[in-house]
Amino acid sequence: MMIDRRLVEYFDWWMLFLTLMACGIGLVALYSAVHAGADNPLSGLFVRQLVWYGAGLFAMVIAFLISYKAYERWALLIYLVCIGMLVAVLLFGKYVGGSKRWLALGPVSIQPSEMVKLAVIILLSKYYARIVKAEGIRLQELIVPVIITAIPFVLIVRQPDLGTSMLVALVAASITMYVKIERRTFIGLIVTGILAVPLVWSVLKGYQKQRILTFLDPERDPLGAGYHIIQSKIAIGSGMLTGKGFLKGSQNTLDFLPEHHTDFIFSVLAEEWGFLGAIIMLLVFLLIIIWGLLIAQRCRDPFGTILAVGVTAMIAWQVVINTGMVMGLLPVVGVTLPLISYGGSSVITMLAGIGLLLNISMRRFMFEK
Amino acid sequence: MRNYLESIDSEWFNRRMVGVFVLVLIAFAVLVTRLLYLQVLEGKEFRRLSEINSIRLQDIDAPRGLILDSANNILVDNRPSFDLYIVLKDAKPVEKTLAKVAALLDEPVDQLQARLKGAKKQGAYAPLLIKADIGRDTLAGIEVHKFELPGVEVHVVPRRHYIFEAHAAHLLGYMGEISQDELLSSPYADCKSGDSIGKFGMEKAYEGFLRGKRGGRQVEVNANGQVVRILNTVDALPGQNIVLTIDHAVQSRAEELLQGRVGAAVAIDPNSGRILAMASSPTFDPNMFVVGLTHDQWSGLVSNPYRPLENKAIQAEYPPASTYKIVTALAGLEEGVINAHTSYYCPGFYRFGNRSYRCWKKSGHGDVQFAKALAQSCDVYFYQVGEALGVDRLAKYAHQLGLGTATGINLDRESKGLIPTAEWKLRRFGVPWQKGETLSIAIGQGFDLVTPLQMAVFAATIGNGGIRYKPYMVQEIRSIDDQISFVANPEVMTRMNLKPGTIPLVHEALWEVVNDPRGTAYLSRFKDLAFSGKTGTAQVVGRPSEGDGKQEGAAPKDHAWFVCYAPSENPKIAVAVIIEHGEHGSSAAAPVAREMVRVYLNLPPDAVTEKIEKEKQERLASIESAAPETVGDEEE
């Protein structure tokens, strides 16, 4: 492929800068999380996360070098490969803590449920780009997107990983809402949904209802999720305006926080850096999201526009759900904080997503008149 | 593309984007508001809570289910016990506090410190165990000095209590700390490291019912680590109570008479298969396992040559000896090899090939017919019945009577025993069956091996006329609020299809064993009630695995067997007793069985009972002068 001079000219340095800032904040928070206590068994994770960032940046470069129009062409293949990996997880996955989420590939384990989010976004964008119209999508045109979403959704629920499967559904729904649904179809769907709730509820077994109620209201499980949320709120609140200082978070170092290097890493950050630290992190994310939406807006190609909206929606939902959860606003689900939480699959998926945004941004001239 | 620009332009997309921007801004405004609330508005309060790390979780242990006998007497319950814990972060200054605790426990400080160092660290505020099961006196001392002992906690822990100590120990089983392997296995998914679980007997077999479900509470503590407020409680779900089929009185009687001996006794109901008693001797006190055995206690138990931890009623295998003649007799009658009037001459030996097989009665029984042969246990008679039947036909009846296969009782480590067939020997040793070997197995020697439980089932099956029930020990399982979750149902394993004349003939001969003056168990009879049985004397020589019981120099004595059912008509109880090296079934085993029958049928003690009691006293006195016998009695 010929390198066009304009590709360099149009490169989106602001997006790259914001992304690297988020990664930097993530490293600081992770350093605190894994250095809790004297000889913490997690301390090796910091170095591993550096490796993941390296791999993620590589994925990002791949994602923006190849024109995103190529991804549109290969959308179905990418999707099928990811679905194949999800099936493999259910068949040969590693059992960790009661669920099968990881697939061992030589020395590393990957979480295909992370990658599948991007695959769904790409395939849905391709489909919607062809049928988008001013009056909105009709009911029969929603059958294909529902199938595209339902397959990974069911496979991830089976692991079981409720958080990730709901995220896939949320992102798919966001894209669909963005391209607009025909008014009467939309109203019909809402009414059907409301009517279906009591029906589904009556079919569920007692323990399943319990699980859903606990999910919605952690207070019902005071020895598990409810306890974690209280400790997380204490950690965040005790940070006050300026925080307790780097490596001085007592909730963190004394092991009161669960999963403090993954799902609850925001609590570690907020405890040690206070309101100022937390607000800086939220601001960086807000800028990334706004920048992503601006990229979508400036793009003149429907596939690029919808793809950029989808990737940005994925980032936005994860930020809002994760921070909302650790602050006790939302149910406790295993959703990572993009670019901050420890984890290879999560980091690589996020940076690859950012790579797609950069890709769309730098190729916007292709459609300028 | 042009098409797209015509139908919807980027203006259309831009208009839709406005809504998206608004939604994102609202979401972030909510997040920032929440952050302000937590960190700025409520920040001081959360800072206070974090400084004393005041919100903690405490476990509420589920009381383990009780175990009761068939008359609802409690055999196993839980007693409150007190464990002393310390939270090092709260116990400031630690050195001083530990010194005080050590003084109250009357133990050197460095010993305490060593123990705490050894304890696994699970987080800075996790309480570490100082001492389990402190007595009430120590507890009183701790409570008085409570305010000088920051960070010291007393946890009330229900502990297993075996009310009658060694009573039915093998059957009830014992508890122990959960192992790493067990922690990872699914039946123990809700257990934590350090938990006590059933390791043997009923405690293990019914662990899932007995355990219940642990609860817990969220509490707020003050700077000394003492609870000031309970925030939230999840109640524990108590374990279920298990009602056994065991008759406490019969079980106790068996154990009394087995004292000082090595052996086992099993009683079952011939009309259902429920086990009325199952005793194994020597025994142990399961209370020892509750707090954990010391090294000496453990090595004492495992190095004891009489294997007190083994449940001999189901784990030990013995040759059935003459009791097996019932099988040979039954097979002979059924296969038409003999009838009531078949008679053989017994000169005191039987020549087969170039070998001479001896009868236990050297002078011989003379002319013997069926009933006399069984009642007086004539070996020569049954050599010839066995020879005529052959090994495989004999095995067929033995199997139908439940020998050579596990009874299927719900207890760990049950042995199968062994009933040989020609095919088995070829497979096992690669050599064909020898006819002479059939002679040995026809009188219950040679390869034949059975467990005491199998023999009790066998006696019950003969007694009730050929219906073999699966033995069981749990009558009922019910929750704490008396919801019944399980009720036992008798299960027929085999219904033997016998000729009408066979059972009455066998019954008559077994009646003679006890009630005819020449019968081998005549001394154990009752005046007013007829029961039926069969003695056996198992030769010990030639069993290389045996030999623990040998006394220096002297040849090992034979094992004594007695199987019986009572009353002779419509029996209500069937018993099997083995006394290792008891010499004669008639003198060692039969008295134990008859006393179990007497207690179960509510007969008054008689002259025979008195004689048995006297013999028991003499035996125990002679043992006491030699060496201590029962293991575990030195505890506490």
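Residues numbered from 1 in each chain as written. Chains lettered and ligands numbered in written order. Predicted model: local features only at pLDDT ≥ 70, side-chain atom pairs only at ≥ 80, totals over all residues. Heavy atoms only, no water.

Q: Can you help me understand the overall build of chain A in this one?
A: Across its full length, chain A holds 15 helices and 3 strands. On the principal axes, the C-alpha backbone points of chain A span a range of 60 × 60 × 45 Å. Expressed as a percentage of the 369 residues in chain A, the buried residues total 56%. Partitioning the contacts of chain A with sequence separation of at least 6, the portion at a separation of at least 24 is 74%. If you sum the accessible surface of chain A, you get close to 15,900 Å²; carbon and sulfur atoms cover 71% of it. Averaging the positions of the 29 positive and the 20 negative side-chain charges in chain A gives two centres separated by 8 Å. (Helix = DSSP H or I, 4+ residues; strand = E, 2+ residues; numbered from the N terminus. Buried < 20%, exposed > 50% of the residue type's maximum accessible area, 1.4 Å probe, protein only. Contact = heavy atoms within 4.5 Å. Areas by Shrake-Rupley, 256 points an atom, 1.4 Å probe, with all protein chains shown as cover. Lys, Arg positive; Asp, Glu negative; His and termini not counted. Charge placed at Lys NZ, Arg CZ, Asp CG, Glu CD.)

Q: Mind showing me how you'd approach a nonpolar patch on the surface here?
A: The grouping of L329 and L330 of chain A together with V18, V22, I26 and V30 of chain B at the surface amounts to a nonpolar patch, some 470 Å² of accessible area in total. As for its placement among the helices and strands, V18 of chain B is situated in helix α2 (residues 10-41). (Patch = residues over 30% accessible without salt bridge, like charges linked within 9 Å, V, L, I, M, F, W, Y side chains within 5 Å. Salt bridge = Lys/Arg side-chain N within 4 Å of Asp/Glu carboxyl O.)

Q: Is there a simple way to explain the packing of helix α5 (residues 75-92) of chain A against helix α7 (residues 143-157) of chain A in this structure?
A: All names here are of chain A. Where α5 contacts α7, the axes come no closer than 9 Å and their chain directions differ by 20°. With respect to their mutual orientation, α5 and α7 come out roughly parallel. Seen from above, α5 lies across α7 with left-handed handedness. Between α5, through Y79, I83, L86, V87 and L90, and α7, the contact on the second element is made entirely by I147, I148, I151, P152, L155 and I156. Here the residues of the contact of α5 with α7 sort into 11 nonpolar, no polar and no charged. (Axes fitted to C-alpha atoms, helices over the stretch in contact; angles between N-to-C directions. Parallel < 35°, antiparallel > 145°, perpendicular 65-115°, else oblique. Left-handed = near helix turned anticlockwise from the far one by under 90°. Nonpolar A, V, L, I, M, F, W, Y, C, P; charged D, E, K, R; others polar.)

Q: Please clarify how the sheet that holds strand β2 (residues 99-105) of chain A should be interpreted in this entry.
A: Strands pair in a sheet through their backbones, by hydrogen bonds, and they do so in one of two ways: parallel or antiparallel. All names here are of chain A. As summarised here, the arrangement of the 3 strands in space is β1-β2-β3, forming an open sheet in which the pairing is antiparallel. What marks the edges here is a single partner per strand, and that holds for β1 (94-96) and β3 (108-110). Between one strand axis and the next, the sheet turns by 45° as a mean value, whatever way the strands run. Direction of pairing for β2 relative to β3: antiparallel, over a ladder of 3 bridges. The residue bridging L103 from the neighbouring strand is I110, located in β3. (Pairing = 2+ DSSP bridges.)

Q: Where do I start with the interface of chain A and chain B in this structure?
A: Note on interface size: it is often stated as the accessible area lost on association of the parts. If you look at the interface, chain A gives 57 residues, while chain B gives 45 residues. In total, chain A and chain B occlude about 4,500 Å² of area from one another, counting both sides; carbon and sulfur atoms represent 74% of this. Counting every contact that joins chain A to chain B gives 0 salt bridges. Counting across the interface, chain A meets chain B through 9 residue pairs in polar contact (both at pLDDT 80 or more). Contributing elements (two or more residues each) for the side of chain A that touches chain B: α8 (162-179), α11 (225-238), α12 (250-253), α13 (265-298) and α14 (302-326) of chain A. Residue contributions to the side of chain A that touches chain B peak at 15 residues, all from α13 of chain A. By residue class, the composition of the side of chain A that touches chain B is 34 nonpolar, 14 polar and 9 charged. (Buried area = accessible area lost by both parts, 1.4 Å probe. Polar contact = N/O pair within 3.5 Å; in protein donor to acceptor, adjacent residues only side chain to side chain.)

Q: What am I meant to see in the sheet that holds strand β21 (residues 532-538) of chain B here?
A: Residue and element names in this part refer to chain B. Pairing is antiparallel in the open sheet, where 5 strands are placed in the order β12-β11-β23-β22-β21. Across the chains shown, the open sheet's two edge strands, defined by having one partner strand only, are β12 (275-281) and β21. Ignoring which end each strand starts from, the neighbouring axes of this sheet average 5° apart. Contacting β21 and β22 (559-566), helix α22 (residues 502-515) crosses the sheet at an angle of about 70° to β21.

Q: Could you clarify how one ought to interpret the environment of I290 of chain A in this entry?
A: All names here are of chain A. Its location among the elements puts I290 in helix α13. Using a relative accessible area of 23% as the deciding quantity, one classes I290 as partly exposed. Distance from I290 to P218, taken between C-alpha atoms, is 32 Å for residues 72 residues apart in sequence.

Q: Mind showing me how you'd approach the confidence of the model for chain B here?
A: Low pLDDT marks regions whose predicted coordinates should not be analysed in detail. All names here are of chain B. Averaged over all residues, the pLDDT of chain B equals 87, while 93% of them reach at least 70. Confidence drops under a pLDDT of 50 for residues 542-553, and excluding neighbours within four residues, the segment shows 13 contacts in the predicted structure. Within the model, pLDDT remains below 50 along residues 629-636, and this stretch shows 14 contacts once partners closer than five positions in the same chain are excluded. (pLDDT = per-residue confidence, 0-100.)

Q: How should I be thinking about unusual backbone geometry in this particular structure?
A: A negative phi angle characterises most non-glycine residues, just as the trans form characterises most peptide bonds. Of the consecutive residues Q159 of chain A and P160 of chain A, the connecting peptide bond is found in the cis state with omega at -5°. Assignment of secondary structure puts P160 of chain A in the loop between α7 and α8. Of note, the amide linkage connecting A566 of chain B to P567 of chain B takes the cis form, showing an omega dihedral of -15°. In this structure, K180 of chain A is a non-glycine residue whose phi angle is positive, near 80°. Positionally, K180 of chain A belongs in the loop between α8 and α9 (183-203). Positive phi, normally seen in glycine, also occurs at R413 of chain B, with a value near 65°. Along the chain, R413 of chain B falls in the loop between α18 (391-400) and α19 (422-429). With a relative accessible area of 46%, R413 of chain B lands in the partly exposed category.

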